[in-house]
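One-letter residues, chain by chain:
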Amino acid sequence: MMNKSVLFFSLLSGTALLPGLVLASGFPTHTPKHTPKPEPVSFIDMSHSYKTAAVCFLGYGDCDPNAGFGSGDENYSIDTAKQCQNEGFSKVNCNSVQVIDGTCPYNSSYGKGCKCASNLVTCPAGQVGVGESCGGKYASCQCDPKLVSCASNQVGQGASCGGKYQSCACKSEYVYNSSNCTSPRSVSGATCGGKYTGCVCPSGVSAGTYGCKEYYGSPCSSVCKTAYTDNCHKRTDNNSAVYGCMKYWSDCSSKCETPYKDNCRNRTAVISSCPANATCTYFSDCSSKISSWGCKSGYKASGNSCVAVRPSCNIGDIFYTDNTCVAAANHDSSKTALGIVVYVNADGIGGQIMALWPVDKNGAPNKSGRLAGMAWGPYGTDISTLTNYTTAANAAKDFDSCGNTDKLIAAGNASSYPAAWATRKYAPTTETQGKWCLPAAGILTNVYNNRSTLSNILKTLGGYKSLILAGMGRASTEYNGTNVWYSNMDYQYGLQWNYKDNLYTQVWPVMEF
C-alpha cells in the first residue's frame, strides 16, 4: 500500500493510471484499526515529467490540498456527505431523546438511523415521563398529578410518589364492629369508616403470684375468674439422675427447675475452640469442651493455631489438599490432588500451583471441549496500581499473581473484570476458597515452557485433557490501557498481548502455597 504516489488520476473513473501500468480502482475509504503504515512506492523517475495529481490516502503522510495539475489551485478534498452516502449512510435528524445510530466516520450528521439515548429511564408506576419519549423511556420522570394524600388513619394503596398514592384505605388495625366483637367483649380504641382498633374483654381478676385457676369462656378465655393460691401444681421435677439439679423452682423448692445435662462443670477445656486445620477430641460427658487437639498433616501448631508448613516443591510436582507435594511419578492416588506446582519461590520454599481445569465466569471447572474464554476488563481502562509491562521479556519477570488479582478485584465487579473474579470464585475445597488468583505473565511463561509435561500430568490426575488444546491462557499482567498479556499454548508463540475485552482467552486459576 502506498502513502503518496504520483499518478495520473482519472476523476471520472476513480482509476489511477501510469504509463505502461494498469492499477486497480476503488481505494479504501478508511483505514482498519491495525493496518500497517503504508510505505511509499516510487514507480518511475518523475524528475523530468509534468506535474501530476497527488493521490493521498486518508490517515497517512502529508496531504497537500494544493498538489495536483497545473498551477496548484485544484482542490482534491473529499466531499464527506457524498462519501457517507456512497457507503450507505444517510443524513439523520434525531429528536431530543435520540442519538445517531452508526455514525458515519467522515461526517457526524450522517448515520444508519436514530436510536434511543442511553441515559433514558423508564418511569415507574406513580410517575409520568417529562418531554419526548423513545421506546417508552424518558429523559426524566415526575409524580403523576392524579395521586392523592392519605389521612393519618389511612394507608396509601397502589403506586406512590412524593408521599401521595393512587387511593387510600383505613389502616389494617381498624377491623372491629358490632358484628365481629360480641359479648362479653366490646369495641374500643380509634375509629375509621365505622370500624375500631380494639375489641376488649372484661377486666376480670388478677392471676396473682401463682396463676389463674379458672378463666372466662370463649371468646374471653384469657381473662381470669379465679387465681391459684400456690404454684406447685404447675411445677415438674426435672432432676437429672446422672448429673443432678442445677436450679430448683423458687416457688416450689421440692422440685428441680433446671437439671445439669452434662458434666461440663467438672471439666476444664485445654483450648476454648478447635483451631482451623486441627483435629480435636472432646470429653465424653461434656461435648462442648476440648480434652486434646493436634494439627492436621501439612500444618504445625503456633500458639493455639495451626499454620501451614510451607513445603519445598519442584515445578511439575503434584500438590495435594493436605499441603504436601510429590513428583508426578510418585503420585499417591489415595490423596486428593489440588493442582500442579508451576512456580517455586527463590528460596525454594513455597510457590504457586495451577488448578486442574480452567474455569468459567462462575468459577466452575470447565471440563469439556475446546474452551470459551472471557474478557480481562474494559477496553481502554488502565489500572493505575498495576505496572505496565510493554515487552515480553519484562512481563515474564512478573510472578505476583495474587497481588495483581487483588488490584483487579478492587478495580471493579465481576461484570467489569470477569477473568479475575472467576478465579476468586473457584473453590475446589473450603480451605482454599477465595485464595485462587489470575496467573501473572511469569507464571504462564513457566506453564508454556513445561506445557507438554504438565499436560501429561493433567491426564494422570483426570484434569483437563491438554494445555495445548486449551489454547490461550489469560494473564493478570497489564500491557497498557488497551492490552494485556497472555500465553498462546497451541501455536507455540509464548507470551503475547491482545485486547482486554478479547473473549477467546482462557482463565486458569493459580494459588500460592
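Each chain carries its own residue numbering, running from 1 in the direction its sequence is written. Given that the model is predicted, a residue must reach a pLDDT of at least 70 before its local features are reported, and side-chain atom pairs must reach 80 or more before they are shown or counted; all residues, however, enter totals for whole chains, interfaces and linings. For side-chain calculations, the full set of non-hydrogen atoms in the structure is used, while hydrogens and water are omitted.

### Observations regarding the nonpolar core
Residues belong to one nonpolar core when they are buried, are Ala, Val, Leu, Ile, Met, Phe, Trp, Tyr or Cys, and are joined through side-chain atoms within 4.5 Å. Working definition: with a 1.4 Å probe on protein chains only, accessible area under 20% of the residue-type maximum means buried, over 50% means exposed, and in between means partly exposed. Among the nonpolar cores identified, the biggest contains 50 residues, and Phe 319, Ile 353, Met 354, Trp 376, Leu 408 and Trp 508 are the most heavily contacted of them. The biggest single contributor to this core is strand β26 (residues 337-344), with six residues. We call two residues contacting when some pair of their heavy atoms lies within 4.5 Å. Setting aside residues no more than four positions away along its own chain, Met 354 makes contact with Gly 339, Ile 340, Val 342, Val 447, Leu 458, Leu 467, Trp 508, Pro 509 and Val 510. Grouped together as the second largest cluster of nonpolar side chains are eight residues, Ala 395, Ala 475, Tyr 479 and Trp 485 included. Here a helix means four or more residues in a row that DSSP labels H or I, a strand means two or more in a row labelled E, and each is numbered from the N terminus.

### Thoughts on the side chain of Glu 478
Along the chain, Glu 478 falls in strand β29 (residues 472-478). Any N or O atom pair separated by 3.5 Å or less is treated as a polar contact, with the protein-specific requirement of one donor-capable and one acceptor-capable atom, and with residues adjacent in sequence counted only for side-chain atom pairs. Only 2.4 Å separates the side chain of Glu 478 from the side chain of Lys 500, close enough to count as a polar contact. Leave out the neighbours within four places in its chain, and Glu 478 touches Trp 376, Thr 381, Asp 382, Ile 383, Leu 386, Thr 387, Asn 388, Tyr 389, Asn 483, Val 484, Trp 485 and Lys 500.

### Description of unusual backbone geometry
At the junction of Ser 183 and Pro 184, the peptide bond is cis and its omega measures out at 10 degrees in the coordinates. Within the secondary structure, Pro 184 is located in the loop between β13 (164-170) and β14 (186-192). Of note, the bond from Ser 218 into Pro 219 is cis; its omega dihedral lies within 30 degrees of zero at 15 degrees. Relative to the assigned elements, Pro 219 resides in the loop between β16 (212-215) and β17 (224-227). In this model, Asn 323 sits at a positive phi of 70 degrees, which is unusual for a non-glycine residue. Structurally, Asn 323 can be placed in the loop between β24 (318-320) and β25 (325-326). Here Asn 323 falls in the buried class, since its relative accessible area comes to 10%.

### Observations regarding the environment of Gly 198
Among the structural elements, Gly 198 can be located in strand β15 (residues 195-200). A relative accessible area of 12% places Gly 198 in the buried class. Sequence separation between Gly 198 and Ser 188 is 10 residues; the distance between their C-alpha atoms is 4.7 Å. The contact partners of Gly 198, leaving out residues within four places of it in the chain, are Tyr 176, Ser 186, Val 187 and Ser 188.

### Some points on the packing of aromatic side chains
Classification of ring pairs rests on two measures: the distance between centres of Phe, Tyr or Trp rings, Trp counted by its six-membered ring, which must be within 6.5 Å, and the angle between planes, read as stacked under 30 degrees, edge-to-face over 60 and tilted in between. Inspection of every chain in the model, using the stated rule, returns eight aromatic pairs. Relative to Tyr 499, the ring of Tyr 379 has its centre 5.6 Å away and its plane inclined at 70 degrees; by these criteria the two rings are edge-to-face. One end of the pair, Tyr 379, is in the loop between β27 (351-354) and α2 (392-395); the other, Tyr 499, is in strand β31 (residues 494-499), and 120 residues separate them in sequence. Geometrically, the ring pair formed by Tyr 426 and Trp 436 is edge-to-face, given 4.9 Å between the ring centres and 70 degrees between the ring planes. Here Tyr 426 is found in the loop between α4 (418-425) and β28 (436-437), whereas its partner Trp 436 is found in strand β28, with 10 residues between them in sequence. Overall, the relative accessible area of 4% leaves Tyr 426 in the buried class. Its guanidinium or amino end placed over the ring of Tyr 260, Arg 265 lies 3.6 Å from that ring's centre, counting from NZ or CZ. The cationic tip of Lys 367 hangs over the ring face of Trp 357; the distance from NZ or CZ to the ring centre is 4.3 Å. Should the NZ of a Lys or the CZ of an Arg lie within 6 Å of a ring centre and within 35 degrees of the ring normal, that charge is described as sitting over the ring.

### Section: the sheet that holds strand β32 (residues 510-512)
Sheet architecture is open: six strands sit in the order β25-β24-β26-β27-β32-β28, paired in antiparallel fashion. Either end of the sheet is taken by a strand with one partner, and the two such strands are β25 and β28. Relative to β27, β26 runs antiparallel, the two being bridged by four bridges. Paired with Ile 340 across the strands is Met 354, a residue of β27. Here the axes come from fitting lines to C-alpha atoms, over the contacting stretch only for helices, and the angles between their N-to-C directions go from 0 to 180 degrees. Across the sheet, helix α6 (residues 451-461) touches β24, β26 and β27, and the angle it forms with β26 is around 165 degrees. A pair of strands counts as paired when DSSP detects no fewer than two bridges linking them.

### With respect to the sheet that holds β29
With respect to topology, three strands assemble into an open sheet ordered β29-β30-β31, the strand pairing being antiparallel. The strands lining the two open edges of the sheet, one partner per strand, are β29 and β31. This sheet shows a mean twist of 40 degrees between the axes of neighbouring strands, independent of strand direction. One ladder, built from four bridges, connects β29 with strand β30 (residues 483-488); its direction is antiparallel. In the sheet register, Gly 473 faces β30, and the bridge partner there is Ser 487.

### Side note on the state of the cysteines
Only a pair of cysteine sulfur atoms within 2.5 Å counts as a disulfide in this structure description. Evaluated as defined, the whole model comprises 17 disulfides. Shown here is the disulfide that connects Cys 123 with Cys 141, its sulfur atoms set 2.1 Å apart. Between Cys 123 and Cys 141, the S-S dihedral sits near -95 degrees, and the bridge is therefore left-handed. Taken together, the positions of Cys 123 in the loop between β9 (113-116) and β10 (127-134) and Cys 141 in strand β11 (residues 137-143) put the pair 18 residues apart, joining distant regions of the chain.

Worth remembering: the numbers are spatial, not functional.
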